[in-house]
Amino acid sequence: MGFEQTNADIDDASMVIDDPDVDDGVEVVERDTRPRLNERSLSMKNRLILADFAALAFGVALAFAIQAVLRPVPRFVMADHALLVVASVPGFAIGAGVNHLYQARANQRRLEEARNVIKTVGFGMSGMLLVSIAIQYDELSRLWVSAMVFTITAAVLFERRIARSIFAKLRQEGKLQRRIIIVGTDAHAIGLMHAYERNPSLGYQVVGFAGSDDLGARGGVEVLGPIDDLTSLLEDKQAVGVVVSLASVPSDDVNTLTRRLTDAGYHVALSSSLRDIDVTRLRPQTLDGRTMIYVEPIVRNGWRGAAKRAFDVVLALAIMVATLPVQIVAGIAIAASSRGPVFFRQIRVGMDGQLFEVLKFRTMYRDAEARKAELMKHNEADGPLFKMKNDPRITPIGRILRKLSIDELPQLFCVLIGSMSVVGPRPALPDEVDQWDDEVRDRLRVPPGLTGMWQVSGRSDSSFETYKRMDLYYVDNWSFLHDLTICIRTVGVVLSGRGAS
């Protein structure tokens, strides 16, 4: 079952439909009407298999090199080890099949794919150990086995990362597109279409709607016909599957539709009304034949809260000490280039709506706040945000500080005193909060942060709707690992200057 979700390595309406047209390691559905496309899909799958095999071979060679450097063994022992590798190849192949390493729907998320790779390597290495036990081989090197586990896993993960980048680029260019039909004509169904349009790297092309209402042309996409004619519509449009808007189709019809389409070899994903809930929190359950979805709760207090606070303090102190020379130079440059204080102080809204004073290096002229009203007509942001690409209030030194995110460094003091966190939603102004609806106010359940999903995924280039969804996704799915991931991504964003203004 697929779900609409906001993902922050996160994609809107993320679901996987394995395409017999373009198979990047996906399951191929045989259809006599499209033999040429099946040949293409098999070719893509075979290329991925060859790439995995090459990575496996490289990992094995690297393990032998480590063995030779750290603890050399006689050549005949190395030859025996090489024979064990050959004997274990079927184990790796079976492990890849058991762990769905060549089904795109089982590897949509990077963590899912990493888990599948690790389990596959474990399966293959277990087979190797069983063979060595069966033949009573006593010369097996523990160092070599340990090195094999590490090097093969690392090599395949690196190769898969490259493969994902290649497929994402091809899909972004409009290649390797998988054609789908959205079942439903309600607002949710229309939103799904727009979500796929905003995320071309997912590789899905919506070719039409199926339903009873006439929506007219929506970005060139229109209602193709009633749901009863869905099979023929899929054949006419050479689509590989459907996304069903559950709010638009009666439950009994969903059951019938799902059985009929899956029996015909098409892929079916069901889009629920859930938003901002990470799929890893969802657990399928059954009740008297009904499919139930249990949502795991997020715990932010207790030892998890203490760990986050400790992480904030340690990291803030480390960054503060490491960047002290940079901050001193920035302060001198600000004081020498324009009149006014070195630091800019402003009231922001923190956790649970509590007001606090944020501290930043001043990047604007002293009369910046007074001039904001006259510049509102040039606002390039939507919603309650104010963004202006060439804001005349920013000083020349300020532009450099903003580009390098140096102006944010004094906020480390806010982290140390607890009014902010290293990772969290952007600290909003009181007048912005006054314009929020109840849904957006949910982001105040956690302290604001120096960095967050909004910053690493687009920063000032993001729309208010995207900014809202990303912050809510973070709040609803917080984890310590998630914070670490955002911190790592922040380093790349800051070094590239992407989206800063």
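Criteria and thresholds
- Residues numbered from 1 in each chain as written.
- Predicted model: local features only at pLDDT ≥ 70, side-chain atom pairs only at ≥ 80, totals over all residues.
- Heavy atoms only, no water.
- Axes fitted to C-alpha atoms, helices over the stretch in contact; angles between N-to-C directions.
- Helix = DSSP H or I, 4+ residues; strand = E, 2+ residues; numbered from the N terminus.
- Parallel < 35°, antiparallel > 145°, perpendicular 65-115°, else oblique.
- Left-handed = near helix turned anticlockwise from the far one by under 90°.
- Contact = heavy atoms within 4.5 Å.
- Expected span 1.5 Å × (residues − 1).
- Polar contact = N/O pair within 3.5 Å; in protein donor to acceptor, adjacent residues only side chain to side chain.
- Buried < 20%, exposed > 50% of the residue type's maximum accessible area, 1.4 Å probe, protein only.
- Pairing = 2+ DSSP bridges.
- Right-handed = clockwise from strand over helix to strand, strands pointing away.
- Salt bridge = Lys/Arg side-chain N within 4 Å of Asp/Glu carboxyl O.
- Phe/Tyr/Trp six-rings, centres within 6.5 Å; stacked < 30°, edge-to-face > 60°.
- pLDDT = per-residue confidence, 0-100.

Any chance you could explain the packing of helix 8 (residues 302-322) against helix 17 (residues 480-496) here in plain terms?
To describe two helices that pack against each other, one gives the angle between their axes and the distance between the axes. Contact geometry for helix 8 and helix 17: axes closest at 10 Å, N-to-C directions at 25°. Looking at the two axes, helix 8 sits roughly parallel to helix 17. Note that helix 8 runs across helix 17; the crossing there is right-handed. In this structure, helix 8 contributes Ala307, Lys308, Phe311 and Leu315 to the contact, and helix 17 contributes Phe480, Asp483, Leu484 and Cys487.

Help me understand helix 4 (residues 142-172), please; the structure alone is not making it clear to me.
Structurally, the α-helix is built with 3.6 residues per turn, so residues lying three or four positions apart point the same way. Taking 1.5 Å of rise per residue, the 31 residues of helix 4 would be expected to cover 45 Å, and the 45 Å separating its terminal C-alpha atoms lies within 8% of that figure. Measuring from the backbone nitrogen of leucine 143 back to the side-chain oxygen at the start of helix 4 gives 3.4 Å, which picks out serine 141 as the cap. Just downstream of helix 4 lies glycine 174, where phi reads positive at about 90°.

Any chance you could explain the pairing of strand 1 (residues 178-183) here in plain terms?
Each regular strand shows side chains that alternate between the opposite faces of the sheet. Counting buried residues in strand 1 gives five out of six residues, a clear majority hidden from the surface. The pairing of strand 1 with strand 2 (residues 204-210) spans six bridges and is parallel. Residue pairing in the sheet places isoleucine 181 in a bridge with glycine 208 of strand 2. Assessed by its sense of winding, the connection that carries the chain from strand 1 through helix 5 (residues 187-198) to strand 2 is right-handed. The sheet contact formed by strand 1 and strand 4 (residues 241-245) spans four bridges and is parallel. Within the sheet, the bridge partner assigned to isoleucine 180 lies in strand 4 and is glycine 241.

Hey, could you run me through unusual backbone geometry in this one?
The phi angle of most residues is negative, glycine excepted, and most peptide bonds adopt the trans form. Even without being glycine, aspartate 352 reaches a positive phi, approximately 60°. Mapped onto the elements of the fold, aspartate 352 is located in the loop between strand 8 (343-349) and strand 9 (355-361).

Please clarify how the pattern of salt bridges should be interpreted in this entry.
Pairing between side chains becomes possible if they bear opposite charge and their charged atoms approach one another. Applying the stated criterion across every chain yields a total of 13 salt bridges. Here arginine 469 makes a salt bridge to glutamate 439, at a shortest N to O gap of 3.1 Å. One end of the pair, arginine 469, is in helix 16 (residues 464-476); the other, glutamate 439, is in helix 14 (residues 438-441), and 30 residues separate them in sequence. Taking the relative accessible area as the measure of exposure, arginine 469 reaches 4% and is therefore buried. Glutamate 439 gets classed as partly exposed once you look at its relative accessible area, which sits at 35%. Here arginine 445 ties to aspartate 476 by a salt bridge, and the two come within 2.6 Å at their closest N and O atoms.

Looking at this structure, how should I read the side chain of serine 245?
Residue placement: serine 245 occurs in strand 4. Here aspartate 186 takes part through its side chain, which lies 3.2 Å from a polar atom of the side chain of serine 245. Among residues more than four places away in sequence, those in contact with serine 245 are Val183, Asp186, His188, Ala189 and Ser271.

So what exactly am I meant to see when it comes to the environment of threonine 280 here?
Checked against the element boundaries, threonine 280 lands in the loop between strand 5 (267-271) and strand 6 (282-287). Judged by relative accessible area, which is 52%, threonine 280 ranks as exposed. Put simply, threonine 280 and glutamate 112 are 168 residues apart on the chain and 9.6 Å apart in space, counted from C-alpha to C-alpha. A polar contact of 2.6 Å, which involves the side chain of threonine 280, links it to the side chain of aspartate 278.

What is the right way to read helix 16 from this model?
Taking 1.5 Å as the rise per residue, helix 16 with 13 residues should run 18 Å; its terminal C-alpha atoms sit 18 Å apart, in good agreement. Turning to helix 16, its buried residues number three or more, namely Phe464, Tyr467, Lys468, Arg469, Met470, Asp471, Leu472, Tyr473, Tyr474, Val475 and Asp476. For helix 16, the elements touching its buried residues are helix 8, strand 10 (421-423), helix 14, helix 15 (453-457) and helix 17.

Any chance you could explain the sheet that holds strand 5 here in plain terms?
Consider a sheet: its strands pair through backbone hydrogen bonds, and that pairing is either parallel or antiparallel. The five strands lie next to each other as 3-2-1-4-5, forming an open sheet whose pairing is parallel. Pairing within the sheet leaves two strands with one partner each, and these edge strands are strand 3 (223-225) and strand 5. Going across the sheet, the axis of each strand differs from the next one's by a mean of 35°, ignoring polarity. Pairing of strand 2 with strand 3 involves two bridges; the strand directions are parallel. Each bridged residue has a counterpart across the sheet, and for alanine 210 the counterpart in strand 3 is glycine 225. Its contacts with the sheet place helix 7 (residues 251-263) against strand 1, strand 4 and strand 5, and it is angled at close to 155° to strand 5.

I'm lost on the packing of aromatic side chains in this one. Help?
Within a pair of aromatic rings, the relevant descriptors are the distance that separates the centres and the angle that separates the planes. Taken as a whole and assessed by the stated rule, the structure comprises four aromatic pairs. Note on phenylalanine 343 and phenylalanine 361: the rings are 5.3 Å apart at their centroids and 15° apart in plane angle, and the pair reads as stacked. With phenylalanine 343 in strand 8 and phenylalanine 361 in strand 9, this pair connects stretches of sequence that are 18 residues apart.

Hey, could you run me through the pairing of strand 5 in this one?
Within strand 5, four of the five residues are buried, leaving the element largely enclosed by the surrounding structure. This β-α-β element, strand 4 to helix 7 to strand 5, shows right-handed connectivity.

It is not clear to me how the confidence of the model for the chain should be interpreted in this structure. Could you clarify?
Low pLDDT means the predicted coordinates in that region are not meant to be read closely. Taken residue by residue, the chain gives an average pLDDT of 83. The fraction at 70 or more is 87%. Low pLDDT, under 50, characterises residues 1-38; the stretch is placed with 136 contacts to residues that sit more than four places away or in other chains.

In this structure, what is going on with the environment of serine 421? I would like to understand it.
With respect to the secondary-structure elements, serine 421 resides in strand 10. Overall, the relative accessible area of 0% leaves serine 421 in the buried class. Expressed as a C-alpha distance, the spacing of serine 421 and glycine 449, which sit 28 residues apart in the sequence, is 4.6 Å. Each residue touching serine 421, except ones within four places of it in the same chain, is listed here: Lys308, Asp312, Val415, Pro447, Pro448, Gly449 and Leu450. Polar contacts involving the side chain of serine 421 include one to the side chain of aspartate 312, which spans 2.8 Å.

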